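Overview (structure and organization)
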Amino acid sequence: MPPSIDRRTALAALAGAAGLPGAAPAQGRFRIIDPHVHVWKKDPRYPWAKETTRPPERDATPEMLLELMRANGVERTVIIQVIYYRWDNSYLAHVLRQYPQHFQGVARVNPQDPGSPGHLSRLVREQGFRGVRLSPAGDESGDWVRGPLMPPLWKRCQSLKVPMTILAPVTRMPDVARLIERHPDLTVVIDHMADSPLDQPEALEKLLALERYPKVFVKISHTWSLSKQPYPYADAQSQVRRLYDRFGPRRLMWGTDWPLVENYCGYAKALALVWDEMKFLNEEDKSWILSRTVERVWPFPKA
Ligand SMILES: [Zn+2]
């Protein structure tokens, strides 16, 4: 099926349920908000980090993203600082200044630098970032997540009242839980279902266990990369279903992970997957997962 038809299908679905002109509003108007994309651009003003030995060949610019958003009825987006720049958030800060009405940004700070709480404060207070992302690896190179630099950074994030977002394999969830336990007022978002492998269904218990903390949210993205099946990824949907049964729609959010999703089903289908293919979701569930849960974590100005 060519992508243009997918987009039309998605837009027709949006018109039906989101209350666009000509449609009976089912749950009232809500804005579709994508809580997870990346942008980058080859630009000498914003050099890659020295660790980036193989930089991306193609740009992923905010203008490309805005075009996709327009074509698919996505009104707002949260941009996550991409690792190619490591802890230099200046390109994303520039994008946020350019398009403040469309985007919010989540920064990265060096988790192994004792100065990271101060860095985060400056990013939030001076540059308008709304949150930070940490990505401890599953092997020993990610053991800093158990180390002494984490509590001060998490405490700072909590006092700044911005979300902590975590990209980590599901085996790291017990380490993350210990930090969550100590910071009960901090909003924590677990990215991409912690990439919990579908062939180890018991592994998901480590993520499901975080349900007991009411300020933990989960992104149900990466169905496309976890699945061993073609779209609409029934095997990965059953994992989403387990999260839905435990957390409920008010603590789950979708996300495209653009532009990486272009290596899988593409942007339009990442939306259609939730909208049309997750048959266990009713219209109100979708309003949470596509919009209202995201706004619990990243509220956008009304108009
Ligand atoms: Zn991503």
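The following paragraphs examine the structure supplied in this document. It should be emphasised that the depicted structure is a prediction, and the values quoted were computed from it without experimental measurement.

A short note on helix H10 (residues 267-277)
Within H10, nine of the 11 residues are buried, which leaves it mostly tucked inside the rest of the structure. Residues of H10 that are buried include every one of Tyr267, Ala268, Lys269, Ala270, Leu271, Ala272, Leu273, Val274 and Trp275, and no others.

What about the nonpolar core?
Membership of the largest hydrophobic core comes to 83 residues, with the highest contact counts inside it found for Ile190 and Leu207. In terms of residue count, H10 provides more of this core than any other element does, eight residues in total. Look past the residues within four positions of Ile190 in its chain and what remains in contact with it is Ile166, Leu207, Leu210, Val216, Val218 and Lys219.

Observations concerning the sheet that holds strand E1 (residues 32-37)
Taken in spatial order, the eight strands make up an open sheet running E1-E2-E3-E4-E5-E6-E7-E8, and their pairing is parallel. The sheet terminates laterally at E1 and strand E8 (252-253), the two strands that pair on one side only.

Quick word on the pairing of E1
A regular strand places its side chains so that they alternate between the two faces of the sheet. Burial within E1 is extensive, with six of its six residues counted as buried. Pairing between E1 and strand E2 (residues 74-80): four bridges, direction parallel. When the sheet's bridge partners are listed, Ile32 is paired in E2 with Val74.

A short note on helix H4 (residues 116-127)
Every α-helix winds through 3.6 residues per turn, so residues three or four apart in the chain are directed the same way. In this model H4 runs 15 Å from its N-terminal to its C-terminal C-alpha over 12 residues, within 8% of the 16 Å that 1.5 Å per residue would give. Those residues of H4 not exposed but buried are Ser116, Pro117, Leu120 and Leu123. Summarising the axial view, the buried residues of H4 lie within an arc of 125 degrees, below the 170-degree limit, and thus occupy one face. Opposite the buried face of H4, at more than 90 degrees from it, the exposed residues are Arg125 and Glu126. Of the surrounding elements, those touching the buried residues of H4 are strand E3 (103-108), strand E4 (132-134) and helix H5 (150-160). Note on H4: the residue one or two positions beyond its end, Gly128, has a positive phi of about 80 degrees.

Quick word on unusual backbone geometry
A cis amide bond links Tyr231 with the next residue in sequence, Pro232, at an omega value of 5 degrees. Along the polypeptide, Pro232 turns up in the loop between helix H8 (223-226) and helix H9 (234-247). The omega torsion across Trp258 and Pro259 is 5 degrees, close enough to zero to call that bond cis. Here Pro259 lies in the loop between E8 and H10. Positive phi is not limited to glycine here, since Ala194 has a value of about 55 degrees. Looking at the element boundaries, Ala194 is found in the loop between strand E6 (188-190) and helix H7 (205-208). Judged by the 24 C-beta atoms lying within 10 Å of it, Ala194 is buried. A positive phi angle is found at Tyr233, which is not glycine, with a value near 55 degrees. Within the element layout of this structure, Tyr233 appears in the loop between H8 and H9.

Some words on the environment of Gly255
Structurally, Gly255 can be placed in the loop between E8 and H10. When the 26 C-beta atoms within 10 Å are taken as the criterion, Gly255 is described as buried. Measuring from C-alpha to C-alpha, the distance between Gly255 and Pro184 comes to 25 Å, with 71 residues separating the pair along the chain. Setting aside chain neighbours within four positions, we find Gly255 in contact with Asp34, Pro35, His36, Lys219 and Ser221.

Concerning the packing of H4 against H5
Direction vectors running N to C along H4 and H5 enclose 20 degrees, while the axes themselves pass 9 Å from each other. Here H4 lies roughly parallel to H5, going by the angle between them. Considering how the two elements wind past one another, H4 and H5 form a crossing that is right-handed. Mapping the contact onto sequence places Ser116, Pro117, Leu120, Ser121 and Val124 in H4 and Pro152, Leu153, Arg156, Cys157 and Leu160 in H5. Of the residues contributing to the contact of H4 with H5, the split by class is seven nonpolar, two polar and one charged.

Rules of the game
Residues numbered from 1 in each chain as written. Predicted model: local features only at pLDDT ≥ 70, side-chain atom pairs only at ≥ 80, totals over all residues. Buried ≥ 20, exposed ≤ 12 C-beta atoms within 10 Å, placed from the backbone. Helix = DSSP H or I, 4+ residues; strand = E, 2+ residues; numbered from the N terminus. Core = buried A, V, L, I, M, F, W, Y, C linked by C-beta atoms within 7 Å. Contact = placed C-beta atoms within 7 Å. Pairing = 2+ DSSP bridges. Expected span 1.5 Å × (residues − 1). Arc of directions from axis to C-beta. Axes fitted to C-alpha atoms, helices over the stretch in contact; angles between N-to-C directions. Parallel < 35°, antiparallel > 145°, perpendicular 65-115°, else oblique. Left-handed = near helix turned anticlockwise from the far one by under 90°. Nonpolar A, V, L, I, M, F, W, Y, C, P; charged D, E, K, R; others polar.

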